[in-house]
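Fold and geometry: a report
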Amino acid sequence: MVDISIYARLLWAQVRSYAAYRASFAIDLATNALVPLLDVATIIALFQVTPDIGGFDANEVLVMFGLAALSFALADVAVGQIEKIRIYVRTGLLDAALVRPLSVLGQLLCADLPLRKVSRIVVALAILVVAVARAPIEFTPARWALLIVAPTAGAVLFGAIYVATATVAFWWIDSGEFANALTYGGRDFTSFPVTVYGPAFRYLFAYGLGFAFVAYYPTLALLGRPDPLGGPAFLAWSSPAVAALAALVASVIWRIGVRQYRSTGS
Amino acid sequence: MTSAVIEARGLRRDFTIRKRIGRFRRQRSVVTAVDGIDLRIEAGELVGYLGPNGAGKSTTIKMLTGVLRPTAGYLRVCGLEPVTQRRQLARRIGVVFGQRSQLWWDLPLRDSFELARHIWRVPPADHAARLARFTRELDLSFLDTPVRQLSLGQRMRAELTIALLHGPQVVFLDEPTIGLDVLSKQAVRAFLTELRDRGDTTVVLTTHDLADIERLCRRLVVIDHGRVVHDGTLESLHARYGSRRAVVATLAEPLPEPVRLPGVDLVQISPDGRVLTFSLDGSRTPAGHLIATLAALGSLRDISIAEPTIEDVVARLYADGTDAGTA
């Protein structure tokens with residue numbers, strides 16, 4: 001109910017904590033800004049040797065890349081630190097969260113907001129703005145709205161993947177890089193048109209895990225292009241529904257995971 | 001009828017351990033950490049919860065605080081079922097886990113208390129009154145220091161404060177004096193004595209520090225191998241486990257003949273035979289009787305009687321428990 005204000009306070013406490021380490025924070029902020037820039041450099045390099053990738057030209061792919069990068073950066077800042085749950089489970093820090101009258105997930109997310117990654121959001125947004133300006137988009141009110149909705153839905157979907165995969169730590173304490181394979185792997189997957197991937201891989205990642213709805217389908221909607229894979233037109237606009245479904249599934253997995261923790265202990 | 005703050009009947013907790021046997025195969029085995037505990041703690045009691053490492057102390061505390069789900073048995077804390085009503089329960093209990101801080105590491109201590117006020121939704125007036133009281137009683141002169149700069153003793157006093165700021169009905173203290181210097185231990189004990197004597201907070205204290213037990217706990221619950229092996233006062237523990245006093249007698253010259261009394265053993269004798277140490281079971285021979293006997297046998301120069309220490313009792317108790325467990 002009024003819990004929101006408490007989580008806001010927990011976040012603010014975290015922000016003030018960073019003030020204790022100003023210099024290292026500034027360095028982290030700068031180096032994090034480089035990450036999306038290096039990725040975009042890779043794409044530009046690819047287009048030096050080929051005029052199109054999976055049937056899309058450089059400007060179109062950059063729109064996709066911008067949407068994917070912005071979605072991922074938003075999710076990474078908001079819930080990326082959930083991957084630390086392994087440490088919380090192993091060291092028993094989760095016990096300290098369980099004896100407070102707040103949601104465990106809420107506390108974990110507010111306990112360590114990776115603000116040093118905020119620079120990635122800024123850079124990803126800049127890339128998206130430039131790409132959209134250069135791409136042949138006929139703007140309608142629906143498409144303007146989609147420019148806001150798509151990164152939001154994409155962030156929710158990535159956030160769901162983060163939570164669901166991190167929850168594996170409750171069962172499998174040394175799950176190591178398993179979660180990263182789906183989170184960072186998913187980010188790289190969504191940066192390119194799904195037409196470049198083989199069928200098995202595509203069905204699993206694009207549709208099974210929903211990654212096609214982060215950038216590929218919203219980009220088709222922005223460009224007004226039909227799906228080269230022959231998918232129905234409504235798919236282009238269904239990102240919010242897919243994101244909501246993913247969030248629901250992730251919250252169920254999380255609940256089962258916490259219950260599992262309480263029946264395992266540390 | 002239930003005025004009990006904590007009520008457990010047949011509380012049990014199993015853990016499944018998977019052990020590798022061979023390259024891929026794993027064997028599952030079930031370990032029972034808590035094996036049918038009955039416990040009833042009334043409002044305002046201060047109970048010492050003791051046991052050797054691995055006896056099931058922390059598993060019990062985790063079940064009582066809603067961190068761990070019991071495998072079987074009945075459990076109510078403040079009338080609530082801990083795991084299913086975790087958040088309601090968290091409002092009514094306070095917890096100090098010796099090694100796991102509730103404080104915000106990089107912020108001034110004051111800020112942690114302010115956050116706690118919001119987390120537990122404490123009315124500002126109550127918060128101010130309690131904070132003033134704890135600041136006085138625990139001498140919190142370091143409210144503006146970041147937590148990471150506090151000494152261990154200061155940090156423990158801060159942990160106690162944050163656990164009590166919302167006025168919990170029950171507070172669980174897991175080794176609150178571990179690693180503290182003498183002065184800090186005294187400060188913590190004095191504070192807990194005060195808290196106990198006010199009588200409005202139930203305290204469950206786990207500790208290995210025997211001085212804590214002697215000064216603070218009127219009731220001791222001792223567990224071993226997941227079972228309660230003693231529940232009662234310190235005195236009844238001594239009586240039950242035949243605690244012995246040590247009687248040291250200094251004589252003008254060696255005894256002409258040995259002392260033969262029931263429950264009296266000569267445990268040490270000086271090379272010149274003039275200083276004798278006896279171990280005495282007071283229930284069989286009163287100390288006065290031993291002294292009178294010694295005085296009759298020879299000329300008694302000096303006598304001293306040492307009370308049984310809880311170290312002896314607990315060591316004996318743990319040893320018994322181990323024997324029972326392996327038998």
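Because the structure is predicted, anything quoted here is derived from the model rather than measured.

What counts and what doesn't
Residues numbered from 1 in each chain as written. Chains lettered and ligands numbered in written order. Predicted model: local features only at pLDDT ≥ 70, side-chain atom pairs only at ≥ 80, totals over all residues. Helix = DSSP H or I, 4+ residues; strand = E, 2+ residues; numbered from the N terminus. Buried ≥ 20, exposed ≤ 12 C-beta atoms within 10 Å, placed from the backbone. Contact = placed C-beta atoms within 7 Å. Pairing = 2+ DSSP bridges. Axes fitted to C-alpha atoms, helices over the stretch in contact; angles between N-to-C directions. Domains from an automatic or database assignment. Nonpolar A, V, L, I, M, F, W, Y, C, P; charged D, E, K, R; others polar. Core = buried A, V, L, I, M, F, W, Y, C linked by C-beta atoms within 7 Å. Expected span 1.5 Å × (residues − 1). Parallel < 35°, antiparallel > 145°, perpendicular 65-115°, else oblique. Left-handed = near helix turned anticlockwise from the far one by under 90°.

So, about the overall build of chain B. Check the secondary structure of chain B and you find 10 helices and 13 strands. By principal-axis analysis of the C-alpha atoms, chain B measures approximately 75 × 55 × 50 Å. Split into buried and exposed, the 327 residues of chain B put 37% on the buried side. Contacts in chain B between residues far apart in sequence, at least 24 positions, make up 69% of those at least 6 positions apart.

Turning our attention to the overall build of chain A. Helix and strand content of chain A: 12 helices and zero strands. Walking chain A from its N terminus toward its C terminus, one meets helices and strands in the order α-α-α-α-α-α-α-α-α-α-α-α. Across the 266 residues of chain A, 41% fall into the buried class. Within chain A, contacts between residues separated by at least 24 positions form 80% of all contacts whose residues are at least 6 apart in sequence.

A separate point is the sheet that holds strand 6 (residues 170-174) of chain B. Residue and element names in this part refer to chain B. The strand order across the open sheet built from six strands is 5-6-7-3-8-9, with neighbouring strands paired in mixed fashion. Both edges of this open sheet fall to strand 5 (93-97) and strand 9 (227-232), since each of them pairs with a single strand only. Ignoring strand direction, the axes of neighbouring strands in this sheet form an average angle of 15°. Docked against the sheet, helix 5 (residues 152-164) engages strand 5 and strand 6, running at close to 160° with respect to strand 5.

Moving on: the sheet that holds strand 11 (residues 264-269) of chain B. Picture the strands of a sheet paired through backbone hydrogen bonds; they go either parallel or antiparallel. Residues and elements named next belong to chain B. A sheet is described by the order of its strands in space; here four strands give the open sequence 11-12-10-13, paired in antiparallel fashion. Edge positions in the sheet fall to strand 11 and strand 13 (300-306), since each of these pairs with one other strand and no more. On average, adjacent strands in this sheet sit at an angle of 25° to one another, irrespective of strand direction. Here five bridges tie strand 11 to strand 12 (residues 275-280), and the two strands are oriented antiparallel to one another. The partner of Q268 across the bridge, within strand 12, is T277.

This part is about the domain arrangement of chain B. According to the domain assignment, chain B contains domain 1 (4-239) and domain 2 (244-307). Look at where the C-alpha atoms of domain 1 of chain B and domain 2 of chain B centre, and you get two points 44 Å apart.

Interfaces are often sized by the amount of accessible area the parts lose when they come together. With 26 residues of chain B at the interface, the matching set in chain A holds 19 residues. Contributions of two or more residues to the side of chain B that touches chain A are made by helix 1 (57-64), helix 2 (86-92), strand 5 and helix 3 (109-119) of chain B. Along the lines of polarity and charge, the residues of the side of chain B that touches chain A split into 13 nonpolar, five polar and eight charged.

What follows is about helix 11 (residues 216-223) of chain A. Since the α-helix advances by 3.6 residues per turn, residues separated by three or four positions end up pointing in the same direction. All names here are of chain A. Burial within helix 11 is extensive, with seven of its eight residues counted as buried. Residues Y216, Y217, P218, T219, L220, A221 and L222 constitute the buried set of helix 11. Looking at the packing, one finds that the buried side of helix 11 touches helix 3 (58-79), helix 8 (141-166) and helix 12 (239-262). Following helix 11 by one or two positions, G224 has its phi on the positive side, about 70°.

Ranked by size, the top nonpolar core spans 148 residues in total, and within it M64, L67, L157 and V163 of chain A together with F172 of chain B carry the most contacts. Once residues within four sequence positions are removed from consideration, V163 of chain A is found in contact with V79, I82, A250 and W254 of chain A.

Residue and element names in this part refer to chain A. Its 17 residues give helix 7 (residues 118-134) an end-to-end C-alpha distance of 25 Å, which sits within 8% of 24 Å, the value for a rise of 1.5 Å per residue. Along helix 7, the residues classified as buried are S119, R120, I121, V123, A124, I127, L128 and A131. Packing partners of the buried residues in helix 7 comprise helix 2 (22-49) and helix 3.

Once that is clear, we can look at the environment of R218 of chain B. Residue and element names in this part refer to chain B. Within the secondary structure, R218 sits in the loop between helix 7 (210-216) and strand 8 (219-224). Taking the number of C-beta atoms within 10 Å as the measure of exposure, R218 has 13 and is therefore partly exposed. When sequence neighbours within four positions are dropped, the list of residues in contact with R218 reads L46 and T233.

Mapping G185 of chain A onto the fold places it in helix 9 (residues 178-190). For the pair G185 of chain A and S24 of chain A, spaced 161 residues apart in the sequence, the C-alpha separation amounts to 28 Å.

Let's shift gears to the pairing of strand 5 of chain B. Of all the five residues making up strand 5 of chain B, five are buried; the element is thus mostly covered by neighbouring parts of the structure. On strand 5 of chain B, burial covers both faces: I93, V95 and F97 of chain B on one face and G94 and V96 of chain B on the other are all buried.

So, about the packing of helix 8 of chain A against helix 12 of chain A. Two measures define how a pair of helices packs: the angle their axes make with one another and the distance between the axes. Residue and element names in this part refer to chain A. Interaxial distance between helix 8 and helix 12 falls to 8 Å at its minimum, and their mutual angle equals 20°. One way to sum up the angle between helix 8 and helix 12 is to call them roughly parallel. Judged by the twist between their axes, the crossing of helix 8 over helix 12 is left-handed. Every residue of helix 12 that contacts helix 8 at V149, A150, A153, G154, V156, L157, A160, V163 and A164 is listed here: S239, P240, V242, A243, A246, A247, V249, A250, I253 and W254. Residue classes in the contact of helix 8 with helix 12 are distributed as 17 nonpolar, two polar and no charged.

Residue and element names in this part refer to chain A. One can describe the packing of helix 8 onto helix 11 by two numbers: an axis separation of 10 Å at closest approach and a directional angle of 165°. Between helix 8 and helix 11, the angle is such that the two are roughly antiparallel. Crossing handedness for the pair helix 8 and helix 11: left-handed. Contacts between helix 8 and helix 11 involve R143, L146 and A150 from the first element and P218, A221 and L222 from the second.

Before going further, it helps to examine the pairing of strand 13 of chain B. All names here are of chain B. Judged by how many residues are buried, strand 13 sits mostly at the surface: zero of seven residues are covered. Bridge count between strand 10 (residues 245-251) and strand 13: six bridges; the pairing is antiparallel. Among the inter-strand pairings, A246 is bridged to a residue of strand 13, identified as A306.

Secondary-structure assignment places F47 of chain A in helix 2. Placed 71 residues apart in sequence, F47 of chain A and V118 of chain A show a C-alpha to C-alpha distance of 28 Å.

Further remarks concern unusual backbone geometry. Residues and elements named next belong to chain B. Although it is not a glycine, C78 sits at a positive phi angle of roughly 55°. As for its position among the elements, C78 is in the loop between strand 4 (72-77) and helix 2. According to the C-beta neighbour criterion, C78 is partly exposed, with 19 such atoms within 10 Å. Positioned with a positive phi, D139 is a non-glycine residue whose angle comes to about 55°. You can see D139 is positioned in the loop between helix 4 (124-137) and helix 5.

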